[in-house]
Amino acid sequence: MNNWGEKLNKIANALLFDYENVYYINAVTNEYEWFSIQKDTGTLKHERDGKDFFEDVIRDADKVIHEDDKHIFFNDIQKKNLLENLQKGEMKSIVYRHVKDGKNVWHSLRLIRGLEENDDYFIIGVLNIDEEVRKQREQDKLRKEAMTYNDIATQLAERYDTIYYVDLETDYYVEISSTDMYRAMNVPVEGKDFFEESVANARRIIHKEDQENFIEHCIKEKILKKLEAEPTVQFDYQIIYEGSVIYARLSIMMTKDKKHLLYCVENRQAEHEAEAALRREKERSIIYGQIAESLASYYATIYYVNTENDSYIEFESSDIYKNLQVPDKGDDFFEESRKNIMRVVYPDDRDKVVSIMSKEVVLEKLRDKRLFTERYRLIIDDKIKYTRLSIMWAQDKKHLIVGIENIDDQVRALKTAKEKAIRDELTGVRNKNAFQDYESDLQKRVNAEEIDEFAIVMCDLNDLKKINDTRGHKAGDKYIKDSCKMICRVFTHSPVFRIGGDEFVAVLVGEDYENREELLEGLRKQVLENIKNDDIIVVATGMADYDSETDPRVTDVFERADKLMYENKRSLKNKKKGN
């Protein structure tokens, strides 16, 4: 691995915390470099290089990691599992115990920089969190500050058409609220056996396509098992009402006392117009307190704002948002919000969020609406987190309820799907879809005369079919991966794509373009050496430079490189026969 200055720069720019060690890892070749942090100077010290990060991790972990935590290094952060988690956006801090002088020292393994679209490396840091963990264990968990449960419960519950409060010990249930539509369908407002009666009602009012799925969610044992794995179970279905289809969503959650279930039905067809009518029951204060806590979990943070004097208090905040150090109460919500926006909101989104975060704008937006929402990005722990803001009136029309929802997983799930669509599963480099997108962008730059030099290198693996037929596809896959590693090692600073079973293409710009002849010559010498040594890795290559005078299309360069590659392929086969 070379070009230390560039790598050290990337690592230094990515650091936020005082890491003890940093590892720079090539996701294709497994090669890595280990840096330590010099506490006295705050600089990076290069400790050593390694050929295979994942093998070395297993070796070192067996010596110094607590027995109960070794599985993390033997399994969780091995290449296949680690890269899958990186692509899914699920790589989080991994906490483990390092055994030093017979004592356990808590550390955290954190992803500092993930796989980006145009790079094939990632950076992992090691942080000593021993003092932090031990303090946390010594402290008692602080009880959440009491809030105006009834008011918040009422407003959060308004998003639902009806809510059933089910006693898990007796199966007795009571309807907390209901719209005219549900009353017209003659659904009981209370009963002795919620699960049995729900199945009967499903046969009567649920669309046939959704009946079985709905009934599955009304079987007590099954829904309790699902709620062990996730705090809220949701699904969409259709209701038959007066001969028409109404689309609805059912949300099921456990109350804090673990003795009741909430079955919440939301009319999805007219969500923006729904005006649920909530009725207070005799035990309203107790029941609504539990409803507030259950429904509030839908948001990461909730603020309760007095519109008469702009004072506010925070109702709830998840750990990730606590790290932003936003005050949990204050005298001027809108002024404090504008200050915090400049500190914690992603720069490109600041103007948009600032423009709506004034009392006048909020009140105007709520003049004809029950609530309004806005999506934006936060910077948390030096990472971008996607967030949605929801603002609604409280029941007294004197307070606002401001909910901040963490939608990062939803947004990144879409990005992960896109990433999987452009990554070759076998080699880890980008695939044909990614090359088509890259070629399209490159063509736009050519058309706009924004680029005047690049080269395309076509690579083809000789005798892949023969290896598959004679040695099996497992050997063929290894041949493909080893060949890919060789190509990536040569064109370190260029994107490499697998565009076919045995075809790769590299687009050379910058440093690789300047050294293209030397790099190609080095690759071809390695191939000739492989032929001489009877090594199976034989890669035919062809390179063509872009000429702005004769190449109106990127495909013109591609086709010339392809033609030259086939000439080299024939030459290599003749050399192999002569050998």
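Residues numbered from 1 in each chain as written. Predicted model: local features only at pLDDT ≥ 70, side-chain atom pairs only at ≥ 80, totals over all residues. Heavy atoms only, no water.

J.: Honestly, the pairing of strand 11 (residues 244-254) in this entry has me stumped. Any pointers?
T.: Put simply, side chains in a regular strand alternate between the two faces of the sheet. Direction of pairing for strand 10 (residues 232-241) relative to strand 11: antiparallel, over a ladder of ten bridges. Looking at the pairing, Val 233 lines up with Ile 252 of strand 11. Joining the antiparallel neighbours strand 10 and strand 11 is a turn of two residues, in which Glu 242 adopts a positive phi near 50°. Where strand 11 meets strand 12 (residues 260-267), seven bridges bridge the pair, whose relative direction is antiparallel. (Pairing = 2+ DSSP bridges. Helix = DSSP H or I, 4+ residues; strand = E, 2+ residues; numbered from the N terminus.)

J.: Looking at this structure, how should I read the packing of helix 8 (residues 194-205) against helix 9 (residues 208-216)?
T.: Helix-helix packing: each pair is described by the crossing angle between the helix axes and the interaxial distance. It is at 9 Å that the axes of helix 8 and helix 9 come closest, and there the two elements cross at 170°. Taken together, helix 8 and helix 9 sit at an angle that is classed as roughly antiparallel. Touching Ser 198, Val 199, Ala 202 and Arg 203 of helix 8 are Gln 211, Glu 212, Phe 214 and Ile 215, all from helix 9. Of the residues assigned to the contact of helix 8 with helix 9, the class counts are four nonpolar, two polar and two charged. (Axes fitted to C-alpha atoms, helices over the stretch in contact; angles between N-to-C directions. Parallel < 35°, antiparallel > 145°, perpendicular 65-115°, else oblique. Contact = heavy atoms within 4.5 Å. Nonpolar A, V, L, I, M, F, W, Y, C, P; charged D, E, K, R; others polar.)

J.: Looking at this model, I keep getting lost on helix 9. Mind explaining?
T.: Turn by turn, an α-helix covers 3.6 residues, leaving residues three or four places apart pointing in a common direction. Among all positions in helix 9, only Asp 210, Gln 211, Phe 214 and Ile 215 are buried. End-on, the buried residues of helix 9 take up no more than an arc of 140°, which puts them together on one face. The elements touched by buried residues of helix 9 are helix 8, strand 10 and strand 11. (Buried < 20%, exposed > 50% of the residue type's maximum accessible area, 1.4 Å probe, protein only. Arc of directions from axis to C-beta.)

J.: What should I look at first to understand helix 10 (residues 220-229) in this one?
T.: Of the residues making up helix 10, those classed as buried are Lys 220, Ile 223 and Leu 227. End-on, the buried residues of helix 10 take up no more than an arc of 70°, which puts them together on one face. Opposite the packed face of helix 10, turned more than 90 degrees from it, sit the exposed residues Glu 221, Lys 225, Glu 228 and Ala 229. Among the structural elements, helix 8, strand 10, strand 11 and strand 12 are those in contact with the buried residues of helix 10.

J.: Is there a simple way to explain the sheet that holds strand 3 (residues 43-50) in this structure?
T.: Paired through their backbone hydrogen bonds, the strands of a sheet run either parallel or antiparallel. Taken together, six strands build an open sheet; the order of strands is 3-2-1-6-5-4 and the sheet is antiparallel. With partners counted over all chains shown, the strands left at the sheet margins are strand 3 and strand 4 (94-100), one partner each. Pairs of neighbouring strands in the sheet enclose a mean axial angle of 25°, with direction left out of account. Sheet contacts for helix 5 (residues 130-138): strand 5 (103-113) and strand 6 (121-128); angle to strand 5, the most-contacted strand, approximately 115°.

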